Structures are given as C-alpha cells and as structure tokens.
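This is what each chain is made of:
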Amino acid sequence: MNKLLLFFMVIISGGMLLGNMACDRQEVHSVREKIEHEERDTKHDISNKDQLPPKLREQVVRVSKEKGPDFFTLKRTGEMKRYPCSNCHMDRETTFSESNQSSRKAHWNVDLSHWKGGHMSCSTCHGNESSDQLQTSDGRSVSFNRPDQVCETCHGKQVQDWKGGAHGKQYQTWQGPPVRYNCTTCHDPHDPSFEKKWPETFPNIPRKPSRNHDTKGGGK
Amino acid sequence: MTEIIGSSGNSASASGGCGSCAISSLTSSCSGCGPGGSSTGSNSQVQSPSFHTSSGNRRRSGEEGVTRRSMLKYLFGAGAAATGASLFGGSGLMSMASGPDNRASNDAEFFEKNYRLMTEGEKRRRIERLEKRYRKERGVNTDISDSDAIPGVLYGYAFNISKCQGYRDCVRGCIEENNLDRESGMQYIRIFEKEQASGFGIEDGDASYFHQVPAEGHFYVGTQCFQCENPPCVEVCPVGATWKEPDGIVVVDYDWCIGCRYCQAACPYWARRFNWSEPQIPASEVNSDQHYLGNRIRPKGVMEKCTFCIQRSRSGELPACVEACPTGARVFGNLLDPDSEIRYILENKKVFRLKEDLNTEPKFWYYMD
C-alpha cells in the first residue's frame, strides 16, 4: 500500500515539475522600467572609423551634432557619375540655363521639380562660387558629401530629426557606431518627393487542388 | 540519437509519411496518415526516386527478419512512446503509427527536449539533423544558427506613420527572408490603409488594398509581432513552446508547439500565423541563413510569427523589413543604448502604441514627424 502511495507521489510531483516548466510566469514590468534599470552606457567611440567594418570606412563621412555623439553618413561623391564637376565647369562664370532644356547638354535629364511654388533654380543649391561644391542659401560652400547642410537651410526640422535618428534610414546595422543614409540617397535633390506607385506583389505558388496530404504531389 | 537516424537512413521518413505530426505532435489534423500512407513519402518537396525504393526495401527487410532483439527493441520503443504520449497529452501516438522503420527517427524527434532545456551538444545534434533533413527533403543547404541573445540588448522598433507610403516592400522583404509559405501566401506584416480622419486603431483599416499608393487622404499603419514585454501569447501556451528571450524577442520552439492556436487567439494584434499545410518554398528561393528559433523552415501544424528577424538582428543586422523600406519609416535598435535612434524617437517624438490599455507593453511604437 505504501509503495503504491509512493508511486503516485512520484507521478504527481513529476507532473508538477513539468507544469512549472510550462508556465513560467514573469513579473510584469513596463518597458520604461526595464530601460531605466538596465540601461547601458554603450559609448560608441567614433573618434575614428576603426569600429566600422573595413569596407565601410571609405564610404562614410562623420557628422557631428550639438547634442549627443557623432555619427557617420554615406558619402555622395562616389555615387555621382560626373564628379568632379570642374572637369567641365572649369571657370566660375558658368551660367546655369534653367529654362532652355536643350542648352543643358549633359544635364538634359534633370527636371527640377523641387518645391512647385517656384523660386528654385540650379544656382539655389549649386551656386557659382565653386562648381565642385554645393552652396547654402546663406552663402557657405559645402561638400557634396554633406548635402544635409544645404537641405538644412530650408528643412531644418527634417535634418534635425535625421541627426537624431527619427528621419532617414539606418545603414545595414543597429550595432556599433551609427551609419545613416544621406539625404540624397533616398531623395532625388531635383525631385525630392516620393512617387505614387503600385504596391509590391509577392512570390506565390498556386494552391493545389487536392488538400489531402496523402495524395499531394511533391511541390513542383 | 544521431546515429539512430543515420542508420535508419531516412530522416526524410519523418516528412515523407507523417513527419509533420511526429514533429509537431499534432494529432488532430493528421487524419490522413495510417500505417500505409506513411511510407509513400509523397509530401516532401524535393525527392529522389531512390528514396521510395530504399524506404520500401528497408521496410520489407524489417518485416522478414524479426529477431528477438529487434522485437524487444520495438516493444521497448513503443512502450516508451506510449508513456511519453500519456505524459505529453497523447501527442505521440501518431509516431508509432508510421511503422517500425520510421520509428527510430521519429523517436529521435519525439524525445527531443524543449529548446530551453537542451544542452549545447543536444542543440548541435538537433541542428545537424535538421540541416540533413532540409538537404534531403528540399534539396537546400542551410546554415542554422542557435545564437543566444546579446547581453545588454533589448530590441525596440519604431514605425513612422507620416512616412509610410504603403508600398509593401517590407512585406516582400519579410517573405523572402523568413521562408514564409508561398502557397498560403502567409505574411507576418500587415499594412493597414486608413482614412486620415479615422484615428489610429487598426480595426477599421483596410489591409488588402490594391491601388496606386499613397492614396489621397489616407495613411498607412503597419503591424507585425510587437514582441510585447508582457506577452499574452506566452501566458496561454499550455506546453511552454513559446517564450520571451532575454533580448525581448518572443520566439516559438517549432518542435515543441502542439498547434493548439491558443496564442493566436490570445494575441490582440493578430500577429501569429498557423501552418495549415507543409510550407511550400521553391528550393531556389529558400533563405539558407537560418536561426533555430527564427526562419528555419517550419513543419506543418505549428505556429509561427515575426521574430524581428532573429537570425539577422542577433548578428547585428537590421530586420529585413527595415532594410527593405524605401521611405525610412521603420527604425530598429537597442532600447538600452541611450544613443540609439529608437531612444531618440521615444524621447523626442510623439509616440504611441496600439491597445496600450491591455498592458501588453509592446516594444513597437508608432510616431509622427
């Protein structure tokens, strides 16, 4: 009789163990509490580019901001087909013809639809100081690698969000020093708004007529 | 265990006949597999003709030469399976039905532990078995990782509703990355189109729009698994097949799941998906970079869900949806890193979460410019 009792006790305790394993309830914490308790001081040392993957180091420039650590953004000049511009535009006196499309020659395909309200011309951003640099509306010359400095003069809020991380796109990784796309990776500076288009469709295999998996054929 | 599989030579037998029920322990939906049906092996996607013959030969030889030793082995195996079945709620009965030749590999599958209780060696052997099976059944070479959570990381996600244009590039990226079933058209991500005047709830959103986007006067709200900090789906699972990892990702042990779909009913965000049939993915489209708890090809009859692309995020990459988004509406990062993009958003933008009153504490925030 005792043996039988012992046997049942073993069975029951075994069952309880299994049950405990199945429902391991945790204390409810809000995410905020968790962040406050477990926050790490993950200082990314971005004083040099050594923390970046080797192939990335040549592709990025450093952006500093008033508050918070610096970050990197993708270079632009490598993506530009005809850079440096001074290969053609050698003299500073080059005038940019806006209205006459045929006179634009190599830039025939540039269709300026930036701000439909008008007031934009080639020289708004390209200036006449140096053809290899961009020009802000307050007259500073900035590198093609930092288009944000030009955009900032009108789109201050967006650039501020971009520097913080709320606008724009992360590049490849969430770990280590932040790398972000620059403004012109996503926005065509001459036509910056996003197009209306058809949504994506998906890879599909048609359903087979028979749903009985004993007779279902093999995939293809 | 590995040796048993090797000697019986057909890890495919599990899939061939009634593999899915052996793996998923799903008895209810597996009415089709009787003792005979299992040996036809017609369910797998990529098959060599030799499979049938070898399987048939093995079965015959098994029938002819019943020695005392093999008889004992069979009795012991059946007895153990029956004990297991009674312990685990009768889920193993079908593995016995698939015949003596399949028994060895089925038992190996059946006596598999819950992922959280496996030792490193057991995990490795399990993964080897899986890779072998995928090679045999589907003709794909896979690399399955079992990487653990990175210490000091809690993943968080932000979605910019003023930026999303409804292009659905994220959905495509997700399908391709996570080996989702192409036949049922399974998708983890839903993009709801909503009228601008209608507020933020998803109940009245249209997730099946097909017209040029963005539509005038509409905005787009994307949903997927929010990896809740207090996940109701984990609470209701009767077998402990789903849990929250230390880095905040809610995962499913596909081999432990019994397919009861309680979690699907419990999720207030409609984030969980069920495999009604064996996932069909052309071998050329299978993403071979896999994680045990993530995008490895699921068996039939189990639940699956978004894991923030655990195979990518744990190696430092961004989830496929973040990478695919052309508008930058999706932001991913470490909530415990005060310099991360996600933390900037939480601290500087207007953010909200869906159904916050349920106290599920999703780690997925919506924000506006």
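Before reading further, recall that the structure is shown in the block above.
Residues numbered from 1 in each chain as written. Chains lettered and ligands numbered in written order. Predicted model: local features only at pLDDT ≥ 70, side-chain atom pairs only at ≥ 80, totals over all residues. Heavy atoms only, no water.

Enquirer: Quick question: what am I supposed to make of the overall build of chain B here?
Expert: Summing up its helical and strand segments, chain B has 14 helices and 12 strands in all. Looking at chain B as a whole, 60% of its 369 residues are labelled buried. The contacts of chain B with a sequence gap of at least 6 include a subset with a gap of at least 24, amounting to 67%. Accessible surface, chain B: about 13,600 Å² in total, of which carbon and sulfur atoms supply 54%. (Helix = DSSP H or I, 4+ residues; strand = E, 2+ residues; numbered from the N terminus. Buried < 20%, exposed > 50% of the residue type's maximum accessible area, 1.4 Å probe, protein only. Contact = heavy atoms within 4.5 Å. Areas by Shrake-Rupley, 256 points an atom, 1.4 Å probe, with all protein chains shown as cover.)

Enquirer: Whenever I open this one, the overall build of chain A confuses me. Can you help?
Expert: Along its length, chain A carries seven helices and five strands. Ordering the α and β elements of chain A from the N terminus gives α-α-α-β-β-α-β-β-α-α-β-α. Pairs at least 24 residues apart make up 47% of the contacts formed inside chain A by residues separated by at least 6 positions. For chain A, the accessible area works out to roughly 14,900 Å², and carbon and sulfur atoms hold 54% of it.

Enquirer: Is there a simple way to explain the sheet that holds strand 12 (residues 364-367) of chain B in this structure?
Expert: In a beta sheet, neighbouring strands pair by backbone hydrogen bonds and run either parallel or antiparallel. All names here are of chain B. Taking strand neighbours across the sheet as the criterion, the four strands line up as 10-2-12-11 in an open arrangement whose pairing is mixed. Of all strands in the sheet, those bounded by a partner on one side alone are strand 10 (330-334) and strand 11 (351-352). Note: strand 2 (residues 155-160) against strand 10, five bridges, orientation antiparallel. Its bridge partner lying in strand 10, Gly156 is registered against Gly333. (Pairing = 2+ DSSP bridges.)

Enquirer: Mind showing me how you'd approach a nonpolar patch on the surface here?
Expert: Residue and element names in this part refer to chain A. A surface patch of nonpolar side chains, about 320 Å² in accessible area, is lined by Leu4, Phe7 and Phe8. Among the secondary structure elements, Phe8 is positioned in helix 1 (residues 2-22). Looking at Phe8, the relative accessible area reads 46%, which means it is partly exposed. (Patch = residues over 30% accessible without salt bridge, like charges linked within 9 Å, V, L, I, M, F, W, Y side chains within 5 Å. Salt bridge = Lys/Arg side-chain N within 4 Å of Asp/Glu carboxyl O.)

Enquirer: Help me out: how do you make sense of the pairing of strand 4 (residues 218-223) of chain B in this one?
Expert: Residue and element names in this part refer to chain B. Of all the six residues making up strand 4, five are buried; the element is thus mostly covered by neighbouring parts of the structure. Pairing of strand 3 (residues 190-195) with strand 4, which is carried by six bridges, proceeds in the antiparallel orientation. Bridged to Glu195 within strand 4 is His218.

Enquirer: I would appreciate a short explanation of the sheet that holds strand 1 (residues 60-63) of chain A in the present structure.
Expert: All names here are of chain A. With mixed pairing, the three strands of this open sheet are ordered in space as 1-2-5. Only two strands of the sheet have a single neighbouring strand rather than two, namely strand 1 and strand 5 (179-180). Pairing of strand 2 (residues 71-74) with strand 5, which is carried by two bridges, proceeds in the parallel orientation. Each bridged residue has a counterpart across the sheet, and for Phe72 the counterpart in strand 5 is Val179.

Enquirer: Explain unusual backbone geometry to me, please; I cannot follow it from the model alone.
Expert: Most peptide bonds adopt trans geometry, and most residues besides glycine take a negative phi value. Here the amide bond leading from A:Tyr83 into A:Pro84 is cis, since omega sits at 0 degrees, within 30 degrees of zero. Here A:Pro84 is to be found in the loop between strand 2 and helix 4 (122-126). For the bond from B:Val213 to B:Pro214, the omega torsion is -5 degrees, close enough to zero to count as cis. Mapping B:Pro214 onto the fold places it in the loop between strand 3 and strand 4. A positive phi angle, near 65 degrees, is found at A:Gln172, a position not held by glycine.

Enquirer: Before we go on, may I ask you to explain the pattern of salt bridges in this structure?
Expert: A pair can form between side chains of opposite charge whenever their charged atoms are brought close. All names here are of chain B. In total, this model carries 33 salt bridges over all chains according to the counting rule given. Here Arg312 and Glu177 are joined by a salt bridge, their closest N and O atoms 3.3 Å apart. With Arg312 in helix 12 (residues 310-313) and Glu177 in helix 9 (residues 169-177), this pair connects stretches of sequence that are 135 residues apart. Of the residues examined, Glu177 reaches a relative accessible area of 11% and is grouped as buried. Through salt bridges with shared partners, one network takes in Glu112, Arg126, Arg129, Asp255 and Arg296.

Enquirer: Quick question: what am I supposed to make of helix 6 (residues 156-164) of chain A here?
Expert: Of all the positions in helix 6 of chain A, only A:Val159, A:Asp161, A:Trp162, A:Lys163 and A:Gly164 are classed as buried. On the buried face of helix 6 of chain A, the contacting elements are strand 1, strand 2, helix 5 (148-151) and strand 5 of chain A together with helix 14 (341-348) of chain B. Positive phi shows up at A:Gly165, right after helix 6 of chain A, with a value of about 120 degrees.

Enquirer: Explain the packing of aromatic side chains to me, please; I cannot follow it from the model alone.
Expert: One pair of aromatic rings is described through two measures. These are the centre distance and the angle between the planes. Scanning the model with the defined rule gives 25 aromatic pairs over all chains in all. Where B:Phe226 meets B:Phe364, the ring centres are 4.7 Å apart and the plane angle is 25 degrees; that geometry is what we call stacked. Linking B:Phe226 in the loop between strand 4 and helix 10 (232-236) with B:Phe364 in strand 12, this pair joins segments that are 138 residues apart in sequence. With respect to burial, B:Phe226 and B:Phe364 carry one shared label: buried. The ring of A:Phe71 carries the charged tip of A:Arg180 above its face, separated from the ring centre by 4.2 Å. (Phe/Tyr/Trp six-rings, centres within 6.5 Å; stacked < 30°, edge-to-face > 60°. Lys NZ or Arg CZ within 6 Å of the ring centre and 35° of its normal.)

Enquirer: What is the right way to look at the interface of chain B and chain A in this model?
Expert: Put simply, an interface is often sized by how much accessible area is lost when its parts join up. Between chain B and chain A, the contact holds 91 residues from the first and 58 residues from the second. For the pair chain B and chain A, the summed buried surface comes to about 6,500 Å²; carbon and sulfur atoms form 52% of the total. Linking chain B with chain A are five salt bridges, by the criterion used here. A salt bridge links A:Asp161 to B:Lys349; the shortest N-O distance between them is 2.6 Å. Taken together, the links from chain B to chain A amount to 22 residue pairs in polar contact (both at pLDDT 80 or more). The set of elements that each furnish at least two residues to the side of chain B that touches chain A consists of strand 2, helix 9, helix 13 (320-324), strand 10, helix 14 and strand 12 of chain B. (Buried area = accessible area lost by both parts, 1.4 Å probe. Polar contact = N/O pair within 3.5 Å; in protein donor to acceptor, adjacent residues only side chain to side chain.)

Enquirer: Sorry if this is basic, but what is going on with the nonpolar core here?
Expert: Most often, soluble globular proteins keep nonpolar side chains buried together rather than apart. Counting residues in hydrophobic clusters, the biggest one holds 59 residues, and the most contacted among them are B:Ile189, B:Ile191, B:Tyr292, B:Phe308, B:Phe332 and B:Tyr366. Every residue in contact with B:Tyr292, bar those within four places of it in the chain, is listed here: B:Tyr115, B:Met118, B:Arg126, B:Ile127, B:Leu130, B:Ile144, B:Ser145, B:Asp253, B:Tyr254 and B:Asp255. (Core = buried A, V, L, I, M, F, W, Y, C linked by side-chain atoms within 4.5 Å.)

Enquirer: What is the right way to look at the side chain of B:Arg272 in this model?
Expert: Residues and elements named next belong to chain B. As for its placement among the helices and strands, Arg272 is situated in strand 7 (residues 272-274). For the buried Arg272, no salt bridge is present, and the opposite-charge side chain at shortest range is Glu304, 10 Å distant. If we ignore the near neighbours within four places in the chain, the residues touching Arg272 are Cys233, Thr242, Val250, Val252, Cys263, Gln264, Met303, Glu304 and Lys305. (Lys, Arg positive; Asp, Glu negative; His and termini not counted.)

Enquirer: Can you walk me through the side chain of B:Asn287 in this structure?
Expert: Examined against the element boundaries, B:Asn287 turns out to sit in the loop between strand 7 and strand 8 (289-291). At 3.1 Å, the side chain of B:Asn287 forms a polar contact with the backbone nitrogen of B:Asp289.

Enquirer: I would appreciate a short explanation of the environment of B:Glu203 in the present structure.
Expert: All names here are of chain B. Mapped onto the elements of the fold, Glu203 is located in the loop between strand 3 and strand 4. Classification of Glu203 as exposed rests on a relative accessible area of 53%. The sequence separation of Glu203 and Tyr167 amounts to 36 residues, and the corresponding C-alpha distance is 20 Å. If we skip the residues at most four places from it in the chain, Glu203 touches Trp270 and Lys355.

Note that every value here comes from positions in space, so none of it alone points to a role or purpose.
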